[in-house]
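The chain contents come next:
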Amino acid sequence: MLVVAGVLGLTLSTPAGAKARDISRDTLAANDGWAAADGGTTGGSVADDAHVYTVRNRSELVRALDGGSATPKIIRIAGTIDANTTDDGDTLNCDDYATDGYDLKQYLAAYDPRTWGSAKPSGPQEEARQASAARQAERVELAVGSNTTIVGLGDRALLKGAGLQLRGADNVIIRNLELRDAYDCFPVWQPNTGGLGDWKTAYDNIWLRGATHVWVDHVTLSDKGHPDEDEPTYFGRNYLRHDGLLDITNESDLVTVSWSRFADHDKAMLIGNGDTATGDRGKLRVTLHHNEFEGVVQRAPRVRFGQVHVYNNRYVVPVDAHDYRYSLGISTESAVYAENNAFTTPGHIEAADLVKSWNGTAFHATGTLFNGFPVDLLTIYNAYNSGSERDLTPDVGWTPALHGEIDSARQADREVARGAGAGRIR
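Reading the values: rules and limits
Residues numbered from 1 in each chain as written. Predicted model: local features only at pLDDT ≥ 70, side-chain atom pairs only at ≥ 80, totals over all residues. Heavy atoms only, no water. Helix = DSSP H or I, 4+ residues; strand = E, 2+ residues; numbered from the N terminus. Rg over C-alpha atoms; globule rule 2.2 N^0.38 Å. Buried < 20%, exposed > 50% of the residue type's maximum accessible area, 1.4 Å probe, protein only. Contact = heavy atoms within 4.5 Å. Areas by Shrake-Rupley, 256 points an atom, 1.4 Å probe, with all protein chains shown as cover. Lys, Arg positive; Asp, Glu negative; His and termini not counted. Charge placed at Lys NZ, Arg CZ, Asp CG, Glu CD. UniProt positions renumbered as here; feature names shortened; annotations may be inferred. Core = buried A, V, L, I, M, F, W, Y, C linked by side-chain atoms within 4.5 Å. Polar contact = N/O pair within 3.5 Å; in protein donor to acceptor, adjacent residues only side chain to side chain. Arc of directions from axis to C-beta. Patch = residues over 30% accessible without salt bridge, like charges linked within 9 Å, V, L, I, M, F, W, Y side chains within 5 Å. Salt bridge = Lys/Arg side-chain N within 4 Å of Asp/Glu carboxyl O. 1 Å grid on protein atoms, 1.4 Å probe; cavity = no way out; pocket = protein on both sides within 12 Å on 5 of 7 lines; lining within 4 Å. Points joined across faces, edges and corners; volume = space filled by probe spheres on them. Nonpolar A, V, L, I, M, F, W, Y, C, P; charged D, E, K, R; others polar. Expected span 1.5 Å × (residues − 1). Phe/Tyr/Trp six-rings, centres within 6.5 Å; stacked < 30°, edge-to-face > 60°. Lys NZ or Arg CZ within 6 Å of the ring centre and 35° of its normal.

Peer 1: Would you explain the overall build of the protein in this entry?
Peer 2: What the protein contains, in helices and strands, is 7 helices and 32 strands. What you see for the protein is a C-alpha radius of gyration of 22 Å, in line with the 22 Å of a compact globule of 426 residues. Within the protein, the proportion of its 426 residues that are buried is 57%. At a minimum sequence separation of 6, the contacts of the protein that also span at least 24 residues come to 74%. Total accessible area on the protein stands at roughly 17400 Å², and carbon and sulfur atoms take up 47% of it. Each charge sign in the protein was given a centre, from 41 positive and 58 negative side chains, and these centres are 1 Å apart.

In structure tokens:
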């Protein structure tokens, strides 16, 4: 077995059965989407031997991440790592994080809209919830710094319960890794959200905030283990435990997401987090290609401001889906250029349902395949929604130049089904 040494006494062995090809020093190809622009994305490929780590538990991962430092580093994840563990490796549950007298039953009684009203929660139970949430965040939020590559070893590398935070980081690669169940123990009730109120959760599996030059490739992201649909209803709303799978916000820029799988989740990917976040203008340039969105209710992606190239992706809505909302969200000043994407849906979902607009003005869509048949997605959308929403024009003001060969939607559908997700790098 290969032994890899690092600083802080971190010396571990690569597990038997790991794939022979070392992908940890791979860099993004010269034309592979927006992350290839302006110098490209190389992650930690130049790391010296002292900063190459193989990690098997949360403590080792935290030490390797080095507080989000910019030192070039390669982190190889072996087996399963659970972020909800102590430094000694003991499993933590929600009761372990609860403090200052927090109790869900008391929280629900305190902020029941019938007695509390529409004011923002305040007082002892909300303060206790915040303190409890801070204790969990200290465990599960993991800062990823610039010049970092994180890869999974073999075909079963798994990071559970964690929220990887790329805050202001530049030049990061995340590949061949399953990220699962970023579970929030302490959602907050927001009485005025959506008119009826809603539960707000804290963690994304991966969150880019002001991050640049990021390549996410062959990852699998889901809620597996704790699906929100199994959670109870409080105050007439689903008690959500998960936020996004991969969110790209706060002036992040030059991102490529490829050959990845987003599964069994509500709000998968948000690009741009607010209509008033005008600092995002000229940023949020993102390429999404050869990804699979299966069992995703919405935001695949939802875009504000960004120039986003969406090509050769595969969308699958399960036959028993009852809560599907849309796939492509066209919001304020967005410029989505969609090419040769394939959608498979049950009979009660129409082609016009695939797109949703909030203050959007333009959307380019060509080569769309819907349940095996080519459709003009933009024309269908405009015709169906002409009475309730403004028509979208096909001119988004730009034409993608950085991309590989664009296959037909039919071919991409087959290839993505076989090749997207962790453990499938060829």
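After that view of the structure, there is still more to cover.
Peer 1: What am I meant to see in the UniProt feature "domain: Pectate lyase" (unreviewed entry) in the protein here?
Peer 2: Mapped onto this numbering, the UniProt entry annotates "domain: Pectate lyase" (unreviewed entry) at residues 99-349. Counted over residues 99-349, helix gives 11% and strand 41%. Its end C-alpha atoms are 45 Å apart.

Peer 1: Please clarify how the nonpolar core should be interpreted in this entry.
Peer 2: Grouped burial of nonpolar side chains is what soluble globular proteins tend to show. Core analysis: the biggest nonpolar cluster contains 87 residues, and Leu 164, Leu 166, Ile 206, Leu 208, Phe 262 and Phe 363 have the highest contact counts within it. Once residues within four sequence positions are removed from consideration, Leu 164 is found in contact with Leu 142, Val 144, Leu 159, Ile 174, Leu 179, Asp 204, Asn 205, Ile 206 and Trp 207. Counting residues in hydrophobic clusters, the runner-up holds 8 residues, among them Ala 335, Tyr 337, Ala 362 and Val 396.

Peer 1: Is there a simple way to think about the side chain of Arg 304 in this case?
Peer 2: For Arg 304, the location among the structural elements is in the loop between β23 (302-303) and β24 (307-311). Only 3.0 Å separates the side chain of Arg 304 from the backbone oxygen of Gly 272, close enough to count as a polar contact. Not counting chain neighbours up to four residues away, the residues in contact with Arg 304 comprise Leu 270, Ile 271, Gly 272, Asn 273, Gly 274, Asp 275, Leu 284, Ser 331, Thr 332 and Ser 334.

Peer 1: Is there a simple way to think about the environment of Glu 141 in this case?
Peer 2: Relative to the elements of secondary structure, Glu 141 occurs in strand β6 (residues 141-143). A relative accessible area of 33% places Glu 141 in the partly exposed class. Placed 23 residues apart in sequence, Glu 141 and Leu 164 show a C-alpha to C-alpha distance of 6.1 Å. Discounting chain neighbours no more than four positions away, the residues touching Glu 141 are Gly 163, Gln 165 and Tyr 203.

Peer 1: I keep staring at helix α6 (residues 377-385) and nothing clicks. Help me out?
Peer 2: Residues three or four positions apart in an α-helix share a direction because the helix packs 3.6 residues into each turn. Within α6, the full set of buried residues consists of Leu 377, Leu 378, Tyr 381, Asn 382 and Asn 385. An end-on view of α6 places all buried positions within 125° of arc, on one side of the element. Against β26 (328-330), β29 (355-357), β30 (364-366), β31 (368-370) and β32 (373-375) lie the buried residues of α6.

Peer 1: Any chance you could explain a negative patch on the surface here in plain terms?
Peer 2: Taken together, the side chains of Glu 229, Asp 230, Asp 264, Asp 320 and Asp 323 define an acidic patch exposed on the protein surface. Tracing the backbone through its elements, the reader meets Glu 229 in the loop between β14 (212-222) and β15 (233-234).

Peer 1: Honestly, empty space enclosed by the protein in this entry has me stumped. Any pointers?
Peer 2: Over the atoms, a rolled probe matching the size of one water molecule traces out where space is still vacant. Scanning all chains against the criterion turns up 1 cavity of 30 Å³ or more. Surrounding the largest cavity, Phe 293, Val 296, Ala 300, Tyr 315, Val 316, Val 317, Tyr 324 and Ser 327 form its lining. Classifying every residue of the lining of the largest cavity by side-chain character gives 7 nonpolar, 1 polar and no charged.

Peer 1: So what exactly am I meant to see when it comes to helix α5 (residues 124-140) here?
Peer 2: Between its first and last C-alpha, α5 extends 24 Å over 17 residues, near the 24 Å set by a 1.5 Å rise per residue. Those residues of α5 that are buried are in contact with α1 (58-65), α2 (94-97), α3 (104-110), β6, β9 (163-167) and β11 (188-190).

Peer 1: Help me understand the packing of aromatic side chains, please; the structure alone is not making it clear to me.
Peer 2: When we look at a pair of aromatic rings, we describe it by the centre distance and by the angle of the planes. Scanning the entire structure with this criterion turns up 17 aromatic pairs. Between Tyr 315 and Phe 343 the ring centres are 4.4 Å apart and the planes differ by 15°, which places this aromatic pair in the stacked class. Of this pair, Tyr 315 sits in strand β25 (residues 314-316) while Phe 343 sits in strand β28 (residues 342-344), placing them 28 residues apart in sequence. On the accessibility criterion, Tyr 315 (2% relative accessible area) is buried. Taken together, the ring pairs in this structure connect Tyr 102, Tyr 107, Tyr 111, Trp 116, Phe 186, Trp 189, Trp 199, Tyr 234, Phe 235 and Tyr 239 into an aromatic cluster. A cation sits over an aromatic face here: Arg 209 above Trp 207, 3.8 Å from the ring centre. Its guanidinium or amino end placed over the ring of Trp 358, Arg 302 lies 3.8 Å from that ring's centre, counting from NZ or CZ.

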